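Listed here are the chains, written in short residue letters.
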Amino acid sequence: MTGEPKPAPPGTDPAEAAPSNADTATTDTTDSDTTESAPSDADTGETETTDSDTTPVDATNATEPSDTTEPEATEPADAGTGEVETGADAVVCALKNAGVEHLFGVQGGAIMPVYDALYHSEMAHVTMAHEQGAAHAADAYGVVSGAPGVCMATSGPGATNLVTGLADANMDSDPVVALTGQVPTDFVGSDAFQETDTVGVTGPVTKANFFADDAADVGTDVGRAFALAAGGRQGPTLVDLPKDVTNGDASEDPGEPRTPSTHDPPKTADSDAVAAAAAVLAAADRPVILAGGGVVKADATATLRAFATEHGIPVVTTMPAVGAFPEDHDLALEMAGMHGTGYANMAVTMTDCLLAVGTRFDDRLTGGVETFAPDAAIVHVDIDPAEISKNVEADHPLIGDAGAVLDQLAAAMPRSPDAAAWREQCRQWKQEYPLEYAAPADEPVKPQYVVEAVDDATADDTIVTTGVGQHQMWACQYWTYTEPRTWVSSHGLGAMGYGVPATIGARLAAAADQDVVCFDGDGSFLMTCQELSVAVRENLDVTVVVLNNAAIGMVRQWQDAFFGERHMASEYPWVPDFDALAEAFGARGFRIERYEEVEAVLDEALSYDGPSVVDAHIDPDENVYPMVPSGGDNGLFALAEDQL
Ligand SMILES: Cc1ncc(C[n+]2csc(CCOP(=O)(O)OP(=O)(O)O)c2C)c(N)n1
Ligand SMILES: [Mg+2]
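Residues numbered from 1 in each chain as written. Chains lettered and ligands numbered in written order. Predicted model: local features only at pLDDT ≥ 70, side-chain atom pairs only at ≥ 80, totals over all residues.

Enquirer: Describe the overall build of the protein chain, naming the residues involved and giving the relevant values.
Expert: Scanning the protein chain from N- to C-terminus turns up 24 helices and 18 strands. A burial count over the protein chain gives 60% of its 644 residues as buried. A separation threshold of at least 6 residues defines the contact pool for the protein chain, and within that pool the share at least 24 residues apart is 79%. (Helix = DSSP H or I, 4+ residues; strand = E, 2+ residues; numbered from the N terminus. Buried ≥ 20, exposed ≤ 12 C-beta atoms within 10 Å, placed from the backbone. Contact = placed C-beta atoms within 7 Å.)

Enquirer: Pulling in residues and values, what's your account of helix 24 (residues 595-607)?
Expert: Within helix 24, the full set of buried residues consists of Val 598, Val 601, Leu 602 and Ala 605. Check the buried side of helix 24 and you find it contacts helix 17 (447-457), strand 16 (543-548), strand 17 (588-592) and strand 18 (612-617).

Enquirer: Please give an account of the site of ligand 1 that cites residues and values.
Expert: Taken together, 23 residues sit near ligand 1, with Gly 469, Gly 521, Gly 523, Ser 524 and Gly 553 positioned nearest. Broken down by secondary-structure element, the contributors of at least two residues to the shell around ligand 1 are helix 18 (470-477), helix 20 (522-528) and helix 22 (553-562). The residue makeup of the shell around ligand 1, split by class, is 10 nonpolar, 11 polar and 2 charged. (Near = placed C-beta within 6 Å. Nonpolar A, V, L, I, M, F, W, Y, C, P; charged D, E, K, R; others polar.)

Enquirer: If you had to explain the environment of Leu 493 to someone new, which residues and values would you point to?
Expert: Along the chain, Leu 493 turns up in the loop between strand 14 (487-488) and helix 19 (499-509). Judged by the 22 C-beta atoms lying within 10 Å of it, Leu 493 is buried. Measuring from C-alpha to C-alpha, the distance between Leu 493 and Thr 164 comes to 8.6 Å, with 329 residues separating the pair along the chain. With sequence-adjacent residues up to four places away left out, Leu 493 is seen in contact with Ala 167, Asp 168 and Met 171.

Enquirer: I'd like to hear about the pairing of strand 10 (residues 353-357), residue by residue, with values.
Expert: With 5 of its 5 residues buried, strand 10 lies for the most part within the structure. On strand 10, burial covers both faces: Cys 353, Leu 355 and Val 357 on one face and Leu 354 and Ala 356 on the other are all buried. In this structure, strand 7 (residues 287-291) lies alongside strand 10, joined through 5 bridges in parallel fashion. Across the sheet, Ile 289 pairs through a bridge with Leu 355, a residue of strand 10. (Pairing = 2+ DSSP bridges.)

Set out below in structure tokens:
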């Protein structure tokens with residue numbers, strides 16, 4: 001089974017914030033071949049059991065952790081140095097062989113043998129407050145570092161709490177490995193205490209998942225999960241670890257992570273197809289490059305910049321690709337789609353040749369497919385053939401790694417397109433439709449002003465994480481991104497609550513001298529603010545700016561536009577004092593209510609060497625524009641509500 005996302009048909013979706021564009025990464029042809037489904041019945045108990053199986057965890061109503069008849073575990077072998085005596089040692093050894101440095105998780109009965117095996121390991125385990133936080137932290141760690149982030153959870157509720165984070169990673173092709181404890185194999189199917197069919201539940205939201213049924217092979221399973229998460233089109237993988245398997249005997253070092261031999265993602269595209277695409281692009285009058293998240297995942301941003309500048313082709317990005325091309329560049333048109341810039345949307349609407357690289361043409365990007373780039377020849381570069389013509393018909397499909405195919409195209413270009421007039425047109429659109437907002441001194445602070453102020457106060461390589469909603473869009477629009485892997489958000493799934501745990505994962509993956517700032521919404525913050533306890537415990541230098549409009553503002557915006565201004569369940573009569581809440585967690589708390597306070601408060605919060613939260617009370621009536629209504633025509637973006 002595969003975890004292939006199925007985007008909602010345009011026009012049918014709820015008030016999600018993210019403009020489309022969850023893109024593909026460097027993709028992978030064999031996702032569907034590599035997924036192994038869980039044995040979901042009790043027959044799986046066929047595998048050889050070990051001593052520890054005879055006293056498994058509480059099959060019925062036992063309290064956690066495990067039952068008291070659990071034999072005392074022997075001192076764990078030092079799997080960190082390659083000594084393997086149990087399945088759990090092999091799991092830890094496989095992680096070490098994969099170069100893992102950080103793990104994010106929550107303990108529990110069924111995963112205890114693995115935690116015990118970690119006891120002597122040099123890998124740093126970060127105990128999160130909630131498993132959703134572990135998955136989001138691992139996801140952001142993977143986005144920032146490029147290598148899979150690892151999350152761990154116990155069986156049952158631990159595993160199900162990971163699901164949102166896995167679905168998020170799956171939509172955005174983010175590399176994540178999840179390790180879940182499971183009841184012993186001979187209890188599987190008996191509705192044992194904390195038993196959930198984790199492989200069944202997570203099948204649709206993972207790139208591949210495995211039920212480990214043999215202690216001798218479990219290390220190899222983990223290595224394979226790691227290699228699959230990292231390789232080809234990246235994505236989340238999961239290994240379900242029954243307790244008898246992790247407690248069982250193993251002796252082999254599983255070696256380096258390896259994908260199955262059948263896994264062979266294409267590197268370069270067919271050379272005739274490349275030549276044909278290059279000829280069309282070179283002959284175009286109005287060429288546009290649409291960079292998707294796959295450009296970032298493939299580490300192809302330098303190649304993209306070189307290609308675009310060499311041939312003078314304007315660049316539009318999807319949301320996951322924000323930062324793939326410097327937004328202060330003359331050729332940069334920034335993000336297209338629902339809340340993209342007017343100039344990006346004009347360019348994708350008027351282009352006669354769209355070179356789309358590593359994107360899955362999500363509906364938040366395209367709007368109505370029939371009005372998307374209607375006059376363009378579409379050249380679609382993607383490593384996953386399943387993405388070709390899935391949403392937008394490709395005239396020139398080029399299947400391969402984003403960087404490698406861009407190199408092929410560069411070599412095959414007969415000349416640069418004759419596009420001086422088109423570049424001038426794009427410049428004019430930039431003048432005509434700038435991102436702008438009014439900030440009268442007698443009105444509450446505008447969120448855009450706060451975003452710009454933080455951008456001004458921090459270095460170019462600062463990493464920005466977000467929740468989901470209006471604040472996410474302002475953070476995307478009003479910050480000037482110039483480097484890849486500095487924009488870390490929940491794109492395709494649009495998962496409120498991503499912000500705080502993602503900030504923790506991003507912080508641990510970032511360079512020591514890089515700042516990490518989270519723009520969160522009050523609603524999103526309330527979903528995962530407990531992870532502040534982790535930031536405090538780990539003494540992480542991060543700043544969370546809550547753009548507090550006392551509302552789940554993006555929903556309120558849609559109610560204003562499409563539901564007759566009926567604010568059903570979207571405004572709060574009261575929200576907590578987030579500055580006081582931060583202090584209660586042991587972080588520093590700040591508050592902004594007036595423009596005069598912005599600079600000094602940000603200065604203090606950003607210079608505090610530890611976690612800080614700025615409760616920024618913003619204009620509750622501010623909305624996000626430009627906006628293309630769901631399923632609409634990108635060329636007809638609205639700049640205000642009366643244009644919708
Ligand atoms: C987990 C989850 N539940 C519900 C939604 C639907 N939703 C999209 S945006 C939004 C509002 C978010 O509110 P807040 O975090 O305060 O951000 P704001 O829009 O006010 O900036 C909601 C409820 C979602 N995206 N994710
Ligand atoms: Mg809000």
